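One-letter residues, chain by chain:
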Amino acid sequence: MARLLPPLTLLLIAAFCLAWLALGWVVPNRYYQLLLTLVPIWAVLGVSWNLFSGYSGLVSFGHAAFFGLGAYTVTLLLVRFGLTPWFGIPVAAVLGAVAGLAIGAPTFRLRGIYFALAMLAYPLVLTYLFDWMGLQEVSIPLQREHAAWFMQFQDPRAYLAIALGLLAVSLAISSAVENSRFGLSLLAIKQNELAAEAAGVDTRAWKLRAIALSGTIAAAAGGLYAMVLLVVTPASVFGLVVSAEAVILPMFGGAGTLWGPVIGAAILVPLAETLRAEFGTFLPGIHGVLYGLAIILVILLAPEGLYWKIRDLRAPRQARAETTPAQAPRPDPAPRPPIGDGTLLEVRGLGRNFGGVAAVQNVSFRVPPGEILGIIGPNGAGKTTLFNMLNGIVAPSAGDLRFEGRSLVGLRPNAICRLGIGRTFQVVRAFARMTILENVLVGAFVAHATDAEARQAARRALAQVGLEDKAQAIAGDLTTRELRLMELARALASGPRLLLLDEPLAGLGAAETEELIAVVRRLPAAGVTIVIIEHTMHAMVGLVDRFVVLDQGRLLAEGPPAQVTRQPEVIEAYLGRKWALAHAAG
Amino acid sequence: MSAAAFIEQAAQALTAGILVGCVYGLLCVGLAFIFGIMRVINFAQGDFMMVGMYLAFFLTTNVLGTTLLGDATPFVAAALTIPVLFVLGGALHRLVIARTTGLRAVGLSAEGHQAQLILTLGIALVLQNGALILLGTSPHTVLTPLSSSAWEVPLLYAAFRAVFVNQARAIAALLSVVVAFALFRLVSSTRLGKSLRAAADNPEAATYMGIDVDRAHRIAFAIGTAVAGLAGGLIVAYYPVQPFVGVDFIIIMYAGVVLGGMGSISGAFWGGIVIGLVQQLSTLVMPLQLQNAAIFAAFVLILLFRPQGLFGRNVERA
Amino acid sequence: MLRVEGLSVAYGGLAALREVSLEVRAGEFIAVVGPNGAGKTTLFKAISGTVPARAGRILFEDQDLLARPAAARAHLGIAHVPEGRRVFASLSVLENLEMGAWPEAGRAAFAQSLERIYALFPILAERRAQFAGTLSGGQQQMLAIGRALASRPRLLMLDEPSMGLSPVMADTIFDAIRELHRTDGMTILLVEQRVAEALDACDRGYVLETGRIVLDGPVGELSADRLRQAYLGV
């Protein structure tokens with residue numbers, strides 16, 4: 001539990017809330033007390049947005065939908081059914097979760113800009129709907145008796161206390177998410193959804209959980225907002241400004257961080273409300289201008305938000321060094337185990353067309369356990385498409401694919417990872433601001449139920465690649481070689497029996513290549529069979545047991561390196577027919 | 001209601017739909033320039049329209065007066081918004097938007113596209129609320145004799161049944177079609193237009209040709225804003241302007257552009273017409289207030305089931 | 001005409017080129033060969049300006065290219081036929097060629113250029129109204145070369161024109177390139193994976209391997225064994 005809610009974080013949350021409450025006690029007039037109450041409410045909305053969009057990278061411009069639904073639910077339950085908001089708000093929260101799922105399920109099928117547009121439309125539809133239903137303005141009548149039971153207080157500071165309570169709860173939830181596999185999985189999705197899938201992250205499920213949780217908290221904020229203002233209109237709770245605030249506050253403060261929304265709310269809301277109070281009469285809408293300018297300035301000057309900007313200014317990130325002093329390569333502890341007799345991976349007649357062009361055609365080969373197989377071929381030969389089929393990113397148009405006897409055709413990448421196939425990608429997108437261990441952790445979740453076990457597995461993977469003493473280093477400062485090793489560790493953390501390596505040596509110098517190869521060579525002894533795509537031939541020649549050569553989508557040759565590199569067809573494919581003929585001696 | 005009356009109502013709705021749709025079509029074409037060529041979601045597009053509306057209103061009532069140009073005054077005013085908004089759009093692009101697009105965005109995190117989105121949201125907020133400050137909340141319309149005259153087109157199947165075609169709207173629709181067509185020709189036949197398409201198709205190759213992709217984007221953006229302003233100038237003759245009028249139209253524009261298929265200028269125009277028809281025809285079966293809800297619902301459905309639109313171009317090998 | 005001195009380029013953290021130097025004199029046909037991932041395309045991108053250089057100089061006719069923005073370089077007379085062709089798929093063949101003629105020099109002599117392009121590649125004349133995206137790979141390659149020619153370049157740079165093409169089609173393309181050099185006296189910088197075809201017609205060759213020039217000189221002097229080692233590792 002201490003992991004999820006580190007004592008320091010809990011302390012900070014408590015300290016902030018108490019300090020803010022104290023501020024509320026000190027402030028003399030009701031207006032400022034209201035102002036202070038609004039800050040945590042908007043901060044909670046910001047936290048809810050952050051939970052979903054800040055971590056996953058799927059920008060939602062429609063969070064007003066949840067906020068408004070919460071506001072109306074609480075209000076209507078009170079006004080029509082006499083249900084106290086103490087129960088009404090939890091009900092609204094549940095409704096928020098349901099709304100989140102209802103909106104998320106169809107909308108997640110949309111990519112990028114289409115997703116943003118759809119999210120924008122939802123609260124607008126709700127505005128028109130509620131307007132039409134005659135709910136243009138619903139006010140909450142004052143309760144004479146048992147006012148506290150109906151969450152109505154004479155002293156506005158009571159609302160402040162409740163709002164801070166809600167903020168504390170949401171920050172605690174946010175912290176728990178951030179420190180658990182929930183947060184890391186979302187971040188992985190943000191970095192590179194495809195790579196996350198391939199690492200075993202069930203992206204669909206996590207996104208749905210995130211939006212449901214986000215909806216819950218946003219609805220609760222909306223419900224409380226209704227109780228504070230005592231009147232709801234469609235524009236005030238479903239309007240564009242609400243959705244905009246949900247986006248702006250965390251982005252200003254620092255998207256994807258725990259305190260970002262709070263920083264944003266603490267700075268922008270008082271500023272906006274004060275401007276509105278002082279100048280609102282002859283400059284109506286000044287707060288809107290402020291929000292607009294704030295967002296423009298943030299995007300131009302500090303796109304990751306104030307939190308990161310300040311941290312960067314105080315401790316500038318070191319530039320990534322291009323070369324690193326080469327560590328003495330570890331002596332080979334165990335010799336290569338013999339290659340097994342069985343078939344770990346079988347590819348039969350595999351093909352893939354893209355709009356009439358056959359990228360891969362009728363390719364068949366088998367991989368026994370314990371082998372290191374190299375897939376080579378000139379540019380455009382279909383190697384990457386083959387890999388993408390092996391790990392489920394692309395479905396084959398023809399043929400069969402079996403792993404340990406089980407067909408892989410039609411399985412999603414995270415399911416394939418679950419079965420025991422791991423993959424690295426050419427372009428490593430690391431979580432630049434997190435430690436190497438945290439980066440590798442994502443890969444371990446698929447195979448380990450508890451976070452503690454996952455952490456151990458991650459450490460073991462780091463040891464396998466030789467990075468264990470750098471576990472706490474920040475990923476953004478790594479060299480290319482270290483990044484590659486980290487990517488390898490991430491794939492190993494899921495405990496695969498087959499590992500697909502996609503051009504792991506690209507961009508490495510000679511010494512670095514040696515090191516990486518040494519690491520890869522040790523893997524079969526740990527029970528991992530390797531299939532590797534590479535261009536750098538010399539390294540491969542010394543590393544692999546067998547080559548499979550592709551050319552123009554077809555299997556050209558297959559066999560041990562010494563044999564394959566002398567075959568005329570192979571030489572011709574790489575160097576051209578004329579050269580092959582001219583230098584046939586070989 | 002009798003069948004004859006229903007047919008008359010339907011015909012009226014159809015006419016209204018086409019007239020309104022033509023102007024929506026122009027609006028969509030403006031957005032298509034920006035969306036199709038730069039792949040930027042411009043949240044502020046409706047607000048550029050709003051600026052055009054206010055400008056046209058101001059020009060008509062205070063500057064031009066009704067004596068000199070008579071009935072043509074509002075349309076001349078609308079035309080005058082074009083250069084103003086062209087310059088505004090170009091300046092906005094150079095100063096603000098260009099910093100988040102293209103090669104310059106390489107330094108930003110993976111959220112390049114998101115950055116533009118959010119940036120234009122900020123611009124929208126500034127424009128909306130700035131207008132609120134400067135111009136107040138009371139709605140204004142440019143009312144001319146044309147706004148309240150209509151041609152009566154008798155429907156031949158029954159006596160005393162006719163469709164009323166509002167003159168101001170009819171002229172606005174006609175002008176919209178003309179301008180949309182001119183823009184279509186610009187993009188398809190002129191050297192400049194082709195360079196815009198090339199820059200959208202493959203910015204890297206366009207750079208190798210010596211085409212300044214940044215400048216191409218700026219021109220596209222400026223054209224997009226100018227068109228929004230012009231459409232606004234045409235609309236203000238029959239639709240009142242207030243600072244938040246853009247919000248009403250933004251979904252209409254996006255629905256039309258997505259329906260027409262991204263990157264297709266002509267598709268965007270037809271998309272606008274379809275949306276106009278949906279909006280007006282929906283009044284036959286739904287209460288008036290839900291008109292826009294019908295569009296939004298249609299929009300969401302399009303996004304879910306056919307995001308490539310009706311005319312989404314497929315130029316890959318069959 | 002073109003001089004690259006000590007060029008180093010880093011691409012997303014990877015050192016793609018390390019102190020590369022080469023020279024192309026007017027009227028020459030220079031080939032740069034090397035295995036995949038050697039940095040050949042990066043070299044072209046640096047010359048054209050779509051990738052920034054970390055160190056070094058690039059001089060074109062004594063003008064400092066690195067001081068010019070990418071879009072200005074084509075106007076100086078450098079034409080780049082990119083890897084993978086990158087034709088404008090949604091434009092017609094003729095419109096693609098028109099875009100090629102964007103620089104002043106190209107625009108002025110467009111009619112003449114068209115004649116020469118159609119003479120070299122008759123199929124383009126046949127299909128001038130067709131969308132470029134619907135052409136076959138080989139036809140797209142011809143279009144990409146035609147597009148480059150339309151700018152009336154002083155230097156023609158071709159990045160792996162044979163990629164993804166059948167041997168017969170590749171031969172056609174190489175024949176056309178050879179003719180451009182022989183008949184039109186075009187200065188050519190060619191990057192290729194197919195060694196023999198590239199080295200066949202060229203005056204001098206450079207071999208690029210993991211970002212460095214490892215071998216260069218007149219064709220006859222490039223050792224067969226060293227070449228094979230660069231490509232196949234044996």
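Residues numbered from 1 in each chain as written. Chains lettered and ligands numbered in written order. Predicted model: local features only at pLDDT ≥ 70, side-chain atom pairs only at ≥ 80, totals over all residues. Heavy atoms only, no water.

**Some thoughts on the overall build of chain A**
Put simply, the rule reads: The way it works is that DSSP assigns letters per residue, a run of H or I at least four long becomes a helix, a run of E at least two long becomes a strand, and they are numbered from the N terminus. Here's how the labels work: a residue is buried when its accessible area is under 20% of the maximum for its type, exposed when over 50%, partly exposed in between, all with a 1.4 Å probe on protein chains only. Should any heavy atoms of two residues lie within 4.5 Å, those residues are counted as being in contact. Note on areas: these come from Shrake-Rupley sampling with a 1.4 Å probe, and a residue is covered only by the protein chains present in the view. For this count, His and the chain ends are skipped, Lys and Arg are scored as positive, and Asp and Glu as negative. By convention, the point assigned to a charge is CZ for Arg, NZ for Lys, CD for Glu and CG for Asp.
Summing up its helical and strand segments, chain A has 24 helices and 12 strands in all. Each of the three principal axes of chain A carries a C-alpha extent, and together these read 100 × 50 × 45 Å. When each of the 586 residues of chain A is scored for burial, the buried share is 58%. Sequence-distant contacts in chain A: of pairs separated by 6 or more residues, those separated by 24 or more amount to 74%. Per element, the accessible surface of chain A, about 22,800 Å² overall, is 62% carbon and sulfur. Within chain A, one finds 46 positive and 39 negative side-chain charges whose respective centroids are separated by 2 Å.

**A few points about the overall build of chain B**
A count of helices and strands for chain B gives 11 helices and 2 strands. Taken from the N to the C terminus, the helices and strands of chain B come in the order α-α-α-α-β-β-α-α-α-α-α-α-α. Classification of the 318 residues of chain B by burial places 57% in the buried group. Of the roughly 12,400 Å² that chain B leaves accessible, carbon and sulfur atoms contribute 68%.

**Here's the deal with helix H8 (residues 213-235) of chain B**
All names here are of chain B. Convention followed: Expected helix span is given by 1.5 Å per residue-to-residue step, counting one fewer step than there are residues. In protein, a polar contact means a hydrogen-donor-capable atom and an acceptor-capable atom, both N or O and within 3.5 Å, with residues adjacent in sequence counting only if both atoms are side-chain atoms; elsewhere, any N or O pair within 3.5 Å suffices.
End to end, H8 covers 33 Å across 23 residues, agreeing with the expected 33 Å (1.5 Å per residue, within 8%). H8 sits mainly inside the fold: 21 of its 23 residues count as buried. Its side-chain oxygen placed 3.2 Å from the backbone nitrogen of Asp 214, Asp 212 serves as the N-cap of H8.

**Details of a nonpolar patch on the surface**
For clarity, the cut-off: To count toward a patch, a residue needs a relative accessible area over 30% and no salt bridge; like charges are then connected within 9 Å, while nonpolar side chains (Val, Leu, Ile, Met, Phe, Trp, Tyr) are connected within 5 Å. We count a salt bridge whenever a side-chain nitrogen from Lys or Arg sits within 4 Å of a carboxyl oxygen from Asp or Glu.
A grouping of Leu 8, Leu 11 and Leu 12 of chain A is seen on the molecular surface, where their side chains present a nonpolar patch of about 320 Å² in accessible area. You can see Leu 11 of chain A is positioned in helix H1 (residues 7-26).

**Focus on the packing of helix H2 (residues 30-56) of chain A against helix H12 (residues 260-279) of chain A**
Pairs of packed helices are described in terms of their axes, by the angle between the two and the distance that separates them. Residue and element names in this part refer to chain A. Counted only if it meets this: Lines fitted to C-alpha atoms define the axes here, with helix axes fitted over just the stretch in contact, and angles between the N-to-C directions of these axes take values from 0 to 180 degrees. By definition in this entry, angles of less than 35 degrees are roughly parallel, angles greater than 145 are roughly antiparallel, angles of 65 to 115 are roughly perpendicular, and the rest are oblique. Note on convention: near helix rotated counterclockwise from far helix by under a right angle means a left-handed crossing. Clockwise means right-handed.
Orientation of H2 relative to H12, taken along the N-to-C sense of each, is 140 degrees, at an axis distance of 8 Å. The angle between the axes of H2 and H12 places the two elements in the oblique class. H2 and H12 meet at a crossing whose hand is right-handed. Contacts between H2 and H12 pair Tyr 31, Tyr 32, Leu 35, Leu 38, Val 39, Trp 42, Ala 43, Gly 46, Val 47 and Asn 50 from the former with Pro 261, Val 262, Ala 265, Ala 266, Val 269, Pro 270, Glu 273, Thr 274, Ala 277 and Glu 278 from the latter.

**Topic: the packing of aromatic side chains**
Two measures describe an aromatic ring pair: the distance that separates the ring centres and the angle between the ring planes. Residue and element names in this part refer to chain A. Spelled out, the test is: Any pair of Phe, Tyr and Trp rings, taking the six-membered ring for Trp, is counted once the centres come within 6.5 Å. Such a pair is stacked with planes under 30 degrees apart, edge-to-face with planes over 60 apart, and tilted for the rest. Placement of a positive charge over a ring is assigned whenever Lys NZ or Arg CZ falls within 6 Å of the ring centre and within 35 degrees of the normal to the ring plane.
For the coordinates displayed, the defined rule picks out 20 aromatic pairs over all chains. Judged by centre distance (6.5 Å) and plane angle (50 degrees), the ring pair of Phe 52 and Phe 115 falls under tilted. Here Phe 115 lies in helix H5 (residues 112-132) and Phe 52 lies in helix H2, a separation of 63 residues in the sequence. Residue Phe 115 is classed as buried on the basis of its relative accessible area, which comes to 2%. Here the aromatic residues Phe 16, Trp 20 and Trp 259 are joined through ring pairs into a cluster of three or more. Looking at Arg 157, its charged tip hangs above the ring of Trp 25, at a distance of 4.6 Å from the centre.

**Side note on the confidence of the model for chain A**
All names here are of chain A. Here is the rule: pLDDT gives the predictor's per-residue confidence on a scale running from 0 to 100.
In the predicted model, chain A carries a mean pLDDT of 84, and 92% of its residues have values of at least 70. Mean pLDDT across the elements of chain A ranges from a minimum in helix H24 (residues 577-582), with 66, to a maximum in helix H9 (residues 203-229), with 93. Predicted confidence for residues 319-329 stays below pLDDT 50, and this span has 20 contacts to residues more than four positions away or in other chains.

**Looking at the domain arrangement of chain A**
Residues and elements named next belong to chain A. In plain terms, the rule: Note that the domain bounds were set by an automatic or database domain assignment. Reported buried area values correspond to the accessible surface (1.4 Å probe) lost by two parts on association, with both partners' losses combined.
With domains assigned, chain A is organised as domain 1 (7-240) and domain 2 (345-585). Spacing between the C-alpha centres of domain 1 and domain 2 amounts to 44 Å. Taken together, the 18 residues of domain 1 in the interface contact 23 residues of domain 2. Carbon and sulfur atoms supply 58% of the area that domain 1 and domain 2 bury against each other, a total of about 1,800 Å² over both sides. A per-residue breakdown of the area domain 1 buries against domain 2 is headed by Arg 181, Leu 184 and Gln 191, which together make up 36% of the total. Our count for the contact surface shared by domain 1 and domain 2 stands at 3 salt bridges. Put simply, Asp 202 and Arg 412 hold a salt bridge, and the shortest N to O gap is 3.6 Å. Joining domain 1 to domain 2, the criterion identifies 8 residue pairs in polar contact (both at pLDDT 80 or more).

**Topic: the interface of chain A and chain B**
Counting residues at the interface gives 42 residues for chain A, matched by 44 residues for chain B. When residues of chain A are sorted by the area they lose upon contact with chain B, Tyr 114, Leu 117 and Tyr 128 of chain A head the list and together hold 17% of the total. At the junction of chain A with chain B, the criterion picks out 0 salt bridges. Counting across the chain A and chain B interface gives 1 residue pair in polar contact (both at pLDDT 80 or more).

**Description of the side chain of Glu 95 of chain C**
Here Glu 95 of chain C is to be found in helix H3 (residues 93-100). Residue Glu 95 of chain C is classed as buried on the basis of its relative accessible area of 13%. At 2.9 Å, the side chain of Glu 95 of chain C forms a polar contact with the side chain of Arg 197 of chain B. Ignoring any residue separated from it by four or fewer positions in sequence, one finds Glu 95 of chain C in contact with Ser 188, Lys 194 and Arg 197 of chain B.

**Focus on the sheet that holds strand S9 (residues 204-209) of chain C**
All names here are of chain C. Rules: Strand pairing follows a simple DSSP-based rule, namely that at least 2 bridges must link the two strands.
Taken together, 6 strands build an open sheet; the order of strands is S6-S7-S8-S3-S9-S10 and the sheet is mixed. What marks the edges here is a single partner per strand, and that holds for strand S6 (78-81) and strand S10 (212-218). The sheet shows a mean angle of 15 degrees between the axes of neighbouring strands, taken without regard to direction. Bridge count between strand S3 (residues 29-33) and strand S8 (residues 187-192): 5 bridges; the pairing is parallel. Counted as the bridge partner of Ala 31 is Leu 190 from S8. Together, S3, S6, strand S7 (155-159), S8 and S9 form the strand contacts of helix H1 (residues 40-48), whose direction differs from that of S7 by roughly 145 degrees. Against the sheet, helix H8 (residues 167-182) touches S3, S7 and S8, its axis set at about 155 degrees to S8.

**Here's the deal with the nonpolar core**
Rule in force here: Working definition of a nonpolar core: buried Ala, Val, Leu, Ile, Met, Phe, Trp, Tyr and Cys residues. They are joined through side-chain atoms within 4.5 Å.
Grouped together as the largest cluster of nonpolar side chains are 266 residues, with contacts concentrated most on Phe 61 of chain A together with Phe 33 of chain B. With 17 residues, the top contributor of residues to this core is helix H1 (residues 3-38) of chain B. The residue makeup of this core includes at least three contributed by each of domain 1 (7-240) and domain 2 (345-585) of chain A. Those residues in contact with Phe 33 of chain B that sit more than four places away from it in its chain are Met 38, Leu 183, Leu 186, Val 187, Leu 196, Ala 220, Ile 223, Gly 224 and Ile 265 of chain B. Membership of the second largest hydrophobic core comes to 45 residues, among which are Phe 121, Ala 132, Ala 170 and Leu 180 of chain C.

**Points about the sheet that holds strand S7 (residues 406-407) of chain A**
Residue and element names in this part refer to chain A. Strand order in this open sheet of 4 strands is S4-S3-S6-S7, and the pairing throughout is antiparallel. Looking at strand neighbours, the two that pair on one side only are strand S4 (357-367) and S7, the edges of this open sheet. In this sheet, strand S6 (residues 398-403) lies alongside strand S3 (residues 345-354) in antiparallel orientation, the contact comprising 5 bridges. Residue Arg 348 lies in a different strand from S6, and its bridge partner there is Asp 400.

**Some remarks on the side chain of Thr 225 of chain B**
Relative to the assigned elements, Thr 225 of chain B resides in helix H8. For Thr 225 of chain B, the residues in contact, after removing those within four places along its chain, are Ile 34, Phe 48, Leu 85 and Gly 89 of chain B.

**Side note on unusual backbone geometry**
Residues and elements named next belong to chain C. Even without glycine at this site, Arg 85 takes up a positive phi of about 75 degrees. Looking at the element boundaries, Arg 85 is found in the loop between S6 and H3. A relative accessible area of 11% means that Arg 85 is categorised as buried. In the Ramachandran plot, Arg 86 falls in the positive-phi region, its phi being about 50 degrees despite a non-glycine side chain. Examined against the element boundaries, Arg 86 turns out to sit in the loop between S6 and H3.

**Quick word on the environment of Ala 493 of chain A**
All names here are of chain A. Positionally, Ala 493 belongs in the loop between helix H19 (480-492) and strand S9 (498-502). Residue Ala 493 is classed as buried on the basis of its relative accessible area, which comes to 3%. Expressed as a C-alpha distance, the spacing of Ala 493 and Val 541, which sit 48 residues apart in the sequence, is 27 Å.

**Some remarks on the state of the cysteines**
Residues and elements named next belong to chain B. Condition: Any cysteine sulfur atom paired with another within 2.5 Å is treated as part of a disulfide.
Enumeration over the complete set of coordinates arrives at 0 disulfides over all chains. Left unpaired, Cys 22 is separated from the closest cysteine sulfur, that of Cys 28, by 12 Å. Cys 22 sits in the buried class, given a relative accessible area of 7%.

**Description of the pairing of strand S4 (residues 55-60) of chain C**
In terms of strand pairing, strand S1 (residues 2-11) of chain C meets S4 of chain C through 5 bridges, oriented antiparallel. Opposite Leu 2 of chain C, over in S4 of chain C, you have Phe 60 of chain C as the bridge partner.

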